[in-house]
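One-letter residues, chain by chain:
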Amino acid sequence: MPPHFPRPEEFAHPPEAAALDTGMTPGQEPMYCRRCRRGLNIRFNDLGLIVGYLHAAEQRGQQSDHRPEPAPITEIPDPIIECDFCSAPEAAWIYQCANQVTDARRITGQVVSVNDYRSRHHAARVRRTDTEHAITQAWGERWTACQGCTDLIEARDLYGLIRRVTDAMPAKLTRGKHLMRTRGELHDRFSAVFDTLAPSRGQITPGHPLGIWPDTTEKTS
């Protein structure tokens, strides 16, 4: 999975987390791009149908030079597994938690009073904002972590993890007023991870992209 960074142009509700059955293996393999061998996010419409995939760089507000070519991670030779938290290039561990779903909405219109608009023009205060469903972002049950983020997860240092992740983000997500919003969204998302974290973790090794877990040889779908 790619790093779970908020996109500044989306108006999103806080993530909801489904209950986690820690006795079961996660049902769906992470999706990766056949072309660049990097993780993809899955996006759904309001009917629960897949409408697209997004590269990690696009999730961070950057650009990708090709369209996603999705495939399960086990079909990708030598996948590039990055940290889902800070985007470090080499993830060492996999954690399992409840799947999180974020409902992102698109602004369709804003209402201001006529008198306010006449006096303030484009600085008029918004009285009402109308939105519609844009996409649903599914974050998945598996979160990969580099050793630095792993140390903070094991210590349950929520604020230390948020600080490490924001330090690694591009300036467009942390400059000025964006920093408070980004920290708030990460707080909601990482709190859900900590609250539903399974007791075991898998170690990522060559040939085992889904991790080697203490209770099984390898957790697969």
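Below is a short write-up of the structure. (Residues numbered from 1 in each chain as written. Predicted model: local features only at pLDDT ≥ 70, side-chain atom pairs only at ≥ 80, totals over all residues. Heavy atoms only, no water.)

### A word on the nonpolar core
Defined as follows: Definition used in this section: a nonpolar core is a set of buried Ala, Val, Leu, Ile, Met, Phe, Trp, Tyr and Cys residues joined via side-chain atoms within 4.5 Å. Buried means the residue's accessible area, taken with a 1.4 Å probe over protein chains only, is under 20% of the maximum for its type, while exposed means over 50%, and partly exposed covers the values in between. Throughout, a contact is declared for two residues whenever any of their heavy atoms are within 4.5 Å.
Membership of the largest hydrophobic core comes to 24 residues, with the highest contact counts inside it found for Phe85, Cys149, Ile153, Leu161, Val165 and Phe190. With near-sequence residues (within four places) excluded, leucine 161 lies in contact with Phe85, Cys149, Leu152, Ile153, Phe190 and Phe194. Membership of the second largest hydrophobic core comes to ten residues, among which are Ala71, Ile76, Ile81 and Ile94.

### Things to note about the packing of helix H4 (residues 158–168) against helix H5 (residues 178–195)
The line we're drawing: As a rule, the C-alpha atoms of each element are fitted with a line to give its axis, helices using only the stretch in contact, and angles between N-to-C directions run from 0 to 180 degrees. Elements are defined by DSSP. Helices are runs of H or I of four residues or more, strands are runs of E of two residues or more, and each kind is numbered from the N terminus. By the definition adopted for this analysis, an angle is roughly parallel if under 35 degrees, roughly antiparallel if over 145, roughly perpendicular if from 65 to 115, and oblique otherwise. Rotating anticlockwise by less than a right angle from the far helix to the near helix defines a left-handed crossing, while the corresponding clockwise rotation defines a right-handed one.
Between H4 and H5, the least distance of the axes is 10 Å, while the angle of their chain directions is 130°. Relative to H5, the element H4 lies oblique. Once H4 is placed against H5, the crossing between them reads as right-handed. Facing H4, whose interface residues are Leu158, Tyr159, Leu161, Ile162, Val165 and Thr166, H5 presents Leu179, Thr182, Arg183, Leu186, His187, Phe190, Ser191 and Phe194.

### Looking at the environment of glutamate 90
Structurally, glutamate 90 can be placed in the loop between strand S6 (70–72) and strand S7 (93–111). Judged by its relative accessible area of 65%, glutamate 90 is exposed. With 54 residues separating them along the chain, glutamate 90 and threonine 144 place their C-alpha atoms 9.4 Å apart. Excluding anything up to four places from it in sequence, glutamate 90 contacts Ile81 and Cys146.

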